[in-house]
Structures are given as structure tokens and as C-alpha cells.
Amino acid sequence: MQALKIGHGYDVHELVANRDLIIGGVKIPYEKGLLGHSDADVLLHAITDAIIGALGMGDIGHAFPDTDPETQGIASTKILADIYQVMVEKGYRIGNIDATILAEAPKMAPHLQEMKQIIAEILKTEIENINIKATTTEKLGFIGRREGMACEAVVLISQLS
Ligand SMILES: Nc1ccn([C@@H]2O[C@H](COP(=O)(O)O)[C@@H](O)[C@H]2O)c(=O)n1
Ligand SMILES: C[C@@]1(CO)OP(=O)(O)OP(=O)(O)OC[C@H]1O
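In short, a report on the structure. Throughout, residues of each chain are indexed from 1 in the direction in which the sequence is written. Going through the entries in the order they are written, you letter the chains from A and number the ligands from 1. Local features in this predicted model are restricted to residues whose pLDDT is 70 or higher, and side-chain atom pairs enter the listing and the counts only when it is 80 or higher, whereas totals over whole chains, interfaces and linings include all residues.

1. Observations regarding the site of ligand 1
- Nearness between a residue and a molecule or strand is assessed with a C-beta atom placed from the backbone; a distance within 6 Å qualifies. Neighbouring ligand 1 are the residues Ala-103, Ala-105, Lys-107, Met-108, Ala-109, Ala-134, Thr-135 and Thr-136.
- Broken down by class, the residue content of the shell around ligand 1 amounts to five nonpolar, two polar and one charged. When residue character is reported, Ala, Val, Leu, Ile, Met, Phe, Trp, Tyr, Cys and Pro are called nonpolar, Asp, Glu, Lys and Arg charged, and the others, Gly included, polar.

So this is what it looks like as C-alpha cells:
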């Protein structure tokens, strides 16, 4: 029987002026962007953390410390691609991913298909295996006040036969 493993990821970044808003590898037009040591792609970080979690290897900050000057401004597509390689070397492939972006604005819906395409390409899986959705928090809390965004992701990985 092929072994299945599940992982969960959660990430938060602050919204600030003079930063690009990059989510799921897509640059989204908006008045603010997410702050981070990397490009602060909250969706890719949650997915990366979910894969790392499924592999039982800790978290994204362990693999990519935010104190490393070498990775300042790194694209999170690169981080996800690196973790994908680790996953393959350990003998696993993606089963499916389900992720939820928590953001009051802007609308993510017009960009979800492109995000899924980018993620499916990096993880060498069918686009049908990737589900991404978005919700507001009904103007409540730091997300509702547009001070930041969060993302949750779950991933199933299965052993290569
Ligand atoms: N940043 C967002 C938030 C939500 N959406 C889409 O709008 C729908 C309604 O959101 P509620 O939080 O009011 O339930 C939701 O189903 C998403 O499709 C979005 O695109 N971007
Ligand atoms: C990705 C890393 C590394 O560049 O930095 P940030 O962009 O600050 O993102 P965070 O979600 O705090 O995750 C871990 C970090 O080590």
C-alpha cells in the first residue's frame, strides 16, 4: 500500500506601503504589499510549510532562516521549488492541496487560476490537484482592518511507487 501523509501550513504577513503584493507567484495590483524577508508570498509559504509538515521536517523558517542575507528578497516560487525537490528525494509526490487565503481586499478570485497554474507547474502535478480559495474576515481583526493577510493550507502527499 502507498503511504499517505498529511501536512498543514499557516502563515501571516503584514501589509505595508511600497511593497509588491505577490500571492501564489502572481503580482496583484494593490495599494500595499506584504512585508517579509522574502517576497512574503503568504500562500506559497503556507503550502511550503504544509509539505514540510507532511515530511515531518519542521518548518519553513528552519529550512530558510529569515536571518540569512543570501535569501533576502528571495522569490517564494524558488523556496517551494527547493522543498519540492526535497519531497521527491524522500520519495513522495503531491496528492492534493487545499488552501484558503484570508484577505479583506483586493479580490483574489480573478487571480486564482493563474496561481493554481504556477503552483501545479512547480510541484509537477495536475492543476485539478490544487484548490485555492479566498475569504474576507468580514472586516474583523487585523485582516479585516487590512493590516495583514493570512493563509492556511493542507496537503496530502503520497509515496512514489
Ligand atoms: N480577498 C478576497 C476575499 C473573498 N473573495 C471572494 O469573495 C467571496 C465572498 O467572500 P466572503 O468573505 O464575503 O465570504 C469568496 O467566496 C471569494 O470567492 C475574493 O475573491 N478575494
Ligand atoms: C520565508 C522566510 C525566509 O525568507 O522569510 P519571510 O519572508 O519573512 O517569511 P515567513 O513566513 O516569516 O517564513 C520564514 C522565513 O524564514
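That was the structure; now back to the text.
2. Thoughts on unusual backbone geometry
- A cis amide bond, omega -5°, links Ala-105 with the succeeding residue Pro-106.
- Strands are runs of DSSP state E lasting at least 2 residues, helices are runs of H or I lasting at least 4, and numbering of each runs from the N terminus. Position of Pro-106 among the secondary structure elements: in the loop between strand E5 (92-102) and helix H4 (112-122).
- Its identity is not glycine, yet Asn-18 carries a phi of approximately 60°, on the positive side.
- Inspection of the secondary structure puts Asn-18 in the loop between strand E1 (4-16) and strand E2 (22-23).
- The exposed category is assigned to Asn-18, around which 7 C-beta atoms lie within 10 Å.
- Positive phi, close to 65°, is recorded for Arg-146, a residue that is not glycine.
- Tracing the backbone shows Arg-146 in the loop between helix H5 (141-144) and strand E7 (148-159). Counting other C-beta atoms within 10 Å of each residue's C-beta, where C-beta atoms are placed from the backbone, gives the exposure class: buried for 20 or more, exposed for 12 or fewer, partly exposed between.

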